[in-house]
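# Summary of structural features
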Amino acid sequence: MKRFSTQVMSLLVLLGSATFVHADDTRFTAADINRLADVGEPALSRDGQFIVYTVTTANPDRDQAQSDLWRVRYDGSAGIQLTRTPDSNESRPQWSEDGKFIAFLSDRKLDGNATDDDTKTQVWMMPADGGEARRLTDMPSGVEDFVLAPDGRQLAVIAFDSERPADAKKPKNPPPIVTDRFQFKDDDDGWLNHRHKHLYVVDIGSGKASLLTTGKHDEMLPAWSPDGKLIAYVTKRGDDPDRHLNFDIYVIAPQVGAKERQLTTFPGSDLDPYWETRPAWSPDSSHIAYLQSDEDRWIYYAPWQLAVVDVATGKARLPAPIDRCFTKPRWSPDGRSVYALVEQAEVTHLSRIDLATGKVTALTHGDRFDSDLDVSANGRIVVLGADDRHPAELAAVEHDTLRALSDHNGWLGDKRLAAAETVHFNSADGTALDALLTKPLDYVPGHRYPTIVRVHGGPVYQFSHEFMPDWQVYAAHGYAVLAVNPRGSSGRGFEFSKAIYADWGNKDAQDVLAGVDHAVQLGVADAEHLGVGGWSYGAILTDELIARDTRFKAAIAGAGSGNMYGMYGDDEYSREYELELGTPWDHRATWDRASYPFLHANQIKTPTLFQCGERDFNVPCIGAEQMYQALRSLRLPTELVVYPGQHHGLTVPSYLRDRMERNLAWYDRFLKRAGDAP
């Protein structure tokens, strides 16, 4: 990764924004993206007096994102930064039972001469009011995840098998990558081989790590029972775990030689780690709340249901099967209800689920997107949520009202920001749809504006009422932004999501185009100055749209592909492709349909900018490269931008700004009319 000095970074900021800021410094600009603070991972102390959480900001000296720990009282006072580590990151904070200490993950260095490649993430612990931290683990391959034991004497740790024997010297060059696995790539973990993630117990006093699980499978998401007797975790088993999605919850006593026990038996995913949701133990250690999907064939299309399993019998039930996605379950102190995030169309709200009746009661309301929560042992609740004009911040939930606990983006109060309004319309076949429409800052009714159509990733995801920095930049530069939630989107139930199953680029493309027609009919969008773009599946669908319709005058496809034949075996989704599309050699018609943009590239007339992350194993650069090469062959205006060292999500601050400025320049080049403002 490139690093910039403070002086050079500051100069770039000034050069990039001086002219525009001089014109109107109340507008949100590309430079402002790197001023945003990302708040996450709230954890309440057992007595509910304090919340510890993470704040991630851009470090201009290193040109990297930097995550630190913060703490605030429940009454909103005494907010302080606990860690200041410009060369490392802290994450996943957890309180000791007595509230005196905070344990966390960090990649900080013990040896000042250590390189980034030598540094492994380990578990550290510090006094709750700040001060010197000490390292608790020394796992050779680092720590992937951990949880404190209730008595504070042990850790349950997830770690990869060691790369080499303890007495072996580090080779001068990396050894050859050798694998015989069906899934041999992962965007987070890189190349996959014989090494697996297993569960360990670490004695905090001595640092001794004891292996609890072994085998050709991975364990994830550890959760220690409140009574200290069992550790729950998630794993896939069978002859070849790479070939299926049947995650299950297992439990094991925290002792070497203990026998693990399979707890869930549903023939589908019980708590896919994708949702970053641990098994949630009831206060009396008798039940676990978790997320249950459907059978493997529906992959991510089926909504994730809240499930509760009896630890003694393994009997599981769905207390509130409402055909919507649940995430992040937490028990109430009396064990009679569970708090969780529940997704609906364009919003996600914190809700209470009564386990006896199945009644779901929303505790947050309105146009907002809640993304995390925690509940203390005495019933205090905090939620992390955002809306159109405010990035995610912490709030206490009291009697159906919210009381702010953090304000890490207060500087946005001096900015004029655009709101997103929900618009309703029908697709060509009569399907009811919605979209979020963000108008330019100085919108004048009756005046038509160049419009950028944003396409979401997934494919099963949705645009919600959350803070979208790129929309704010576009709105500040005189664009309307239309974000359609077509069929395939979440928040509307199983039938709506699976409507595009094995049929990408058909109904969802029709729905996006119907949204464009509606924006034109509203008198907001200028039909002669339309742009389109997205990232991940948003780019895949962008490629489909420009291959099927020539109305767009500019497009941007980031981390996408128009040729799914080329993705099979090059990305991490061979299993999912075979479940949904079948194999390429046995289902040619389906794969031809999924590869429509590349196979019909000669129909594309839209100037298109393609982007990708160099190390992206999720949607590798080959997808962008092939579409770029096709358009270059056809002599259409096109560019390819590869961000060095980046995975599926860009993290380097200068690259984030570069992408925003580059996107804006591309749209300006092809969409702006003479006299357009600003």
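Structure report, in brief. Please read all numbers here as calculations on a predicted model, not as lab measurements. (Residues numbered from 1 in each chain as written. Predicted model: local features only at pLDDT ≥ 70, side-chain atom pairs only at ≥ 80, totals over all residues. Heavy atoms only, no water.)

## What to know about the overall build of the chain
Across its full length, the chain carries 11 helices and 38 strands. Relative to the compact-globule value of 26 Å for 678 residues, the chain shows a C-alpha radius of gyration of 25 Å, a close match. If one aligns the C-alpha atoms of the chain with their principal axes, the spans along those axes are about 70 × 65 × 60 Å. Within the span of the chain, comprising 678 residues, buried residues form 58% of the whole. Within the chain, contacts between residues separated by at least 24 positions form 57% of all contacts whose residues are at least 6 apart in sequence. For the chain, the accessible surface area stands at approximately 28,400 Å², while carbon and sulfur atoms represent 49% of it. One way to put it: in the chain the 72 positive side-chain charges average out to a point 1 Å from where the 98 negative ones average out. (Helix = DSSP H or I, 4+ residues; strand = E, 2+ residues; numbered from the N terminus. Rg over C-alpha atoms; globule rule 2.2 N^0.38 Å. Buried < 20%, exposed > 50% of the residue type's maximum accessible area, 1.4 Å probe, protein only. Contact = heavy atoms within 4.5 Å. Areas by Shrake-Rupley, 256 points an atom, 1.4 Å probe, with all protein chains shown as cover. Lys, Arg positive; Asp, Glu negative; His and termini not counted. Charge placed at Lys NZ, Arg CZ, Asp CG, Glu CD.)

## Considerations on the pattern of salt bridges
Two side chains with opposite charge may pair up if their charged atoms get near one another. Across all of its chains, the model carries 36 salt bridges by this definition. We note a salt bridge from Asp138 to Arg135, for which the minimum N-O separation is 3.4 Å. On the basis of relative accessibility, which here comes to 55%, the residue Asp138 falls in the exposed class. Taking the shortest distance from any N to any O, the salt bridge between Asp442 and Arg416 comes out at 3.0 Å. Residue Asp442 is located in the loop between strand E32 (432–438) and strand E33 (449–455), and its partner Arg416 is located in the loop between strand E30 (401–404) and strand E31 (420–426); the two are separated by 26 residues in the primary sequence. With relative accessibility at 42%, the residue Asp442 sits in the partly exposed group. (Salt bridge = Lys/Arg side-chain N within 4 Å of Asp/Glu carboxyl O.)

## Examining the packing of helix H4 (residues 507–521) against helix H5 (residues 537–548)
Orientation of H4 relative to H5, taken along the N-to-C sense of each, is 80°, at an axis distance of 10 Å. Looking at the two axes, H4 sits roughly perpendicular to H5. In this structure, H4 contributes Asp508, Ala509, Val512 and Leu513 to the contact, and H5 contributes Tyr537, Leu541 and Leu545. A breakdown of the residues in the contact of H4 with H5 according to their chemical character gives six nonpolar, no polar and one charged. (Axes fitted to C-alpha atoms, helices over the stretch in contact; angles between N-to-C directions. Parallel < 35°, antiparallel > 145°, perpendicular 65-115°, else oblique. Nonpolar A, V, L, I, M, F, W, Y, C, P; charged D, E, K, R; others polar.)

## A closer look at the sheet that holds strand E1 (residues 38–44)
Strand order in the open sheet made by the four strands is E1-E2-E3-E4, with antiparallel pairing throughout. If you trace the sheet from one side to the other, it starts and ends with E1 and strand E4 (80–81), each paired once. Note: E1 against strand E2 (residues 50–59), five bridges, orientation antiparallel. Note that in E2 the partner of Val39 across the bridge is Val55. (Pairing = 2+ DSSP bridges.)

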